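Listed below are the residues making up each chain.
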Amino acid sequence: MKNIAIIGASGYTGAQITALIENDPGLSVQGLYVSENSLDKGKALADLYPVYQHIPYVLQPLTAAAKAQIVAESAAVVLATEHAVSLELAAWFYQQGLSVFDLSGAYRFADAAQYPKWYGFEHTQPEVLAQAVYGLAEWNADKIAATRMIAVPGCYPTASLLALKPVKSLLTANWPVINAVSGVTGAGRKAQLHTSFCEVSLTPYGVLGHRHQPEIATHLGQQVIFTPHLGNFKRGILATITAQLQPGTTTEQVAQAYSIYDDSPLVKVNHNRFPKVDDVVLTPNCHIGWKFDEASGYLVVASAIDNLMKGAASQALQCIKIHFNL
Ligand SMILES: NC(=O)C1=CN([C@@H]2O[C@H](COP(=O)(O)OP(=O)(O)OC[C@H]3O[C@@H](n4cnc5c(N)ncnc54)[C@H](OP(=O)(O)O)[C@@H]3O)[C@@H](O)[C@H]2O)C=CC1
Ligand SMILES: CC(=O)N[C@@H](CCC(=O)OP(=O)(O)O)C(=O)O
């Protein structure tokens, strides 16, 4: 049984992974933590989320004493905290010998030079960054097993990379175009005007400047155009991608490329049938649908996930289970 501490447990992804860990026979919850001065410290998780009434834990402030107790009692920490918070906490827990599963973007680029531009901070932890592995579970299992520092991918990159990586060797130099729509939980639980009920209406944002563009490009090994959209639903992401494939590519070759997921329990691929967000919400699954026009060489592939599950918490659980060989 592996004991896991969850930091940022009152947030959307933290609460979700708490429920997943609590439900897993090979894992147990060491404790749930929020910031030292959190308005939620001392509250039961079930007070914030009555749906989790079966989960008995209280949110504790992450004091120095709490951190020492985590180190003494846990095999791993999950960091469901914002990037700048994860940056320091991940390094500290890693250096204490724990395995770290970080849901933020603070360790997703190997190149430290990317962080000032995309995250607004200098990366202060080069030695820990050098150990970090990108936790795209279906593609990086061996590396996830071999390191204690796992950077769980972003939600849009998960949907996009699962769809594009199988056909990477078939792409031309033309940049694939990714249009993706996310539910509002993707923006986290804290109050913000642009995610309040009366403000949300389907719209693109972060155009030609979202930090997930370089994340996708880095882990695909090819530039892309990425345009996220905020949709007026709670959970789920649909990424619809148009890509040009090499002249002469056949439908059979594309089918062969996607057969890489034939043995994957969580990624389901359909030819000429497209996924719906509702089919993956509250599941750890990714549904992919594709259609290829041999005459023009254009592929359209759509990928649907739940942003809080495969886009965050359930992918972190996959990483935990791979890492601990469960
Ligand atoms: N939402 C999504 O779909 C996805 C989110 N992510 C990433 O996961 C991380 C968490 O996201 P999300 O759950 O949406 O965020 P939320 O804003 O919903 O939750 C953030 C959590 O962090 C806690 N927190 C803040 N500061 C500290 C601190 N200094 N020490 C300990 N806890 C702290 C907050 O509680 P309090 O402030 O009360 O202390 C809260 O529990 C982010 O990095 C996000 O980018 C990744 C993929 C998808
Ligand atoms: C709808 C919405 O706001 N989504 C978030 C992405 C959430 C995510 O994947 O978080 P990381 O920051 O960990 O990469 C955004 O666009 O910033």
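Criteria and thresholds
Residues numbered from 1 in each chain as written. Chains lettered and ligands numbered in written order. Predicted model: local features only at pLDDT ≥ 70, side-chain atom pairs only at ≥ 80, totals over all residues. Heavy atoms only, no water. UniProt positions renumbered as here; feature names shortened; annotations may be inferred. Pairing = 2+ DSSP bridges. Helix = DSSP H or I, 4+ residues; strand = E, 2+ residues; numbered from the N terminus. Contact = heavy atoms within 4.5 Å. Axes fitted to C-alpha atoms, helices over the stretch in contact; angles between N-to-C directions. Phe/Tyr/Trp six-rings, centres within 6.5 Å; stacked < 30°, edge-to-face > 60°. Buried < 20%, exposed > 50% of the residue type's maximum accessible area, 1.4 Å probe, protein only. Lys NZ or Arg CZ within 6 Å of the ring centre and 35° of its normal. Near = heavy atom within 4 Å. Polar contact = N/O pair within 3.5 Å; in protein donor to acceptor, adjacent residues only side chain to side chain. Areas by Shrake-Rupley, 256 points an atom, 1.4 Å probe, with all protein chains shown as cover. Nonpolar A, V, L, I, M, F, W, Y, C, P; charged D, E, K, R; others polar. Disulfide = S-S within 2.5 Å. 1 Å grid on protein atoms, 1.4 Å probe; cavity = no way out; pocket = protein on both sides within 12 Å on 5 of 7 lines; lining within 4 Å. Points joined across faces, edges and corners; volume = space filled by probe spheres on them.

As annotated in an unreviewed UniProt entry, the protein carries the name N-acetyl-gamma-glutamyl-phosphate reductase and comes from Shewanella dokdonensis. Of the comments in the UniProt record for the protein, the one headed Subcellular location (unreviewed entry) reads "Cytoplasm". Its UniProt record gives the protein a comment under Pathway (unreviewed entry), which states: "Amino-acid biosynthesis; L-arginine biosynthesis; N(2)-acetyl-L-ornithine from L-glutamate: step 3/4."

Thoughts on the sheet that holds strand S12 (residues 267–271)
The strand order S9-S10-S8-S11-S14-S13-S12 describes an open sheet built from 7 strands, whose pairing is mixed. In the strand order of this sheet, the two ends are held by strand S9 (203–204) and S12, each with one partner. Sheet strands touched by helix H10 (residues 251–258): S12, strand S13 (286–293) and strand S14 (298–305). Its angle to S13, the strand with the most contacts, is close to 165°.

Quick look at the packing of aromatic side chains
Applying the stated criterion to the full structure yields 11 aromatic pairs. Summarising the aromatic geometry, the rings of Tyr-115 and Phe-121 are spaced 6.0 Å apart at their centres and angled 10° between planes, so their arrangement reads as stacked. Pair check on accessibility: Tyr-115 and Phe-121 agree, each one buried. Feature note: the residues Phe-109, Tyr-115, Tyr-119 and Phe-121 constitute an aromatic cluster, connected by ring pairs. Over the ring of Trp-92 we find Lys-67; its NZ or CZ atom is 4.6 Å from the centre of that ring. The lysine or arginine in question, Lys-165, covers the ring of Trp-139, its NZ or CZ lying 5.2 Å from the ring centre.

Topic: the site of ligand 2
The environment of ligand 2 is formed by 15 residues, the closest being Arg-108, Cys-155, Tyr-205, Arg-211 and His-212. Interatomic distance of 3.3 Å between a side-chain N/O atom of His-83 and an oxygen atom of ligand 2. Note that a nitrogen atom of ligand 2 is positioned 3.2 Å from one of the backbone N or O atoms of Gly-186. With the chains in place, 84% of the 440 Å² that ligand 2 exposes on its own is no longer accessible. A per-class count over the shell around ligand 2 returns 6 nonpolar, 7 polar and 2 charged.

Considerations on the state of the cysteines
Under the definition given, this model contains 0 disulfides. The cysteine Cys-319 is free of any disulfide, with Cys-286 supplying the nearest cysteine sulfur at 15 Å. A relative accessible area of 0% places Cys-319 in the buried class.

Focus: the layout of surface pockets
Considering only enclosed or pocket space, the second largest pocket measures out at about 520 Å³ in volume. Forming the boundary of the second largest pocket are 21 residues, of which Tyr-12, Val-184, Thr-185, Lys-234 and Arg-235 lie nearest the centre. Taken together, the residues that form the lining of the second largest pocket break down as 11 nonpolar, 6 polar and 4 charged.

Some remarks on the site of ligand 1
Taken together, 27 residues lie around ligand 1, and Ser-10, Thr-13, Ser-35, Ser-38 and Thr-81 are the ones closest in. Thr-185 is positioned such that a nitrogen or oxygen atom in its backbone is 3.0 Å from a nitrogen atom of ligand 1. Within the side chain of Asn-307, a nitrogen or oxygen atom sits 2.9 Å from an oxygen atom of ligand 1. Among the elements of the structure, helix H1 (12–22), helix H4 (83–95) and helix H11 (309–323) are those that each provide at least two residues to the shell around ligand 1. Residues belonging to the shell around ligand 1 are distributed by class as follows: 10 nonpolar, 14 polar and 3 charged.

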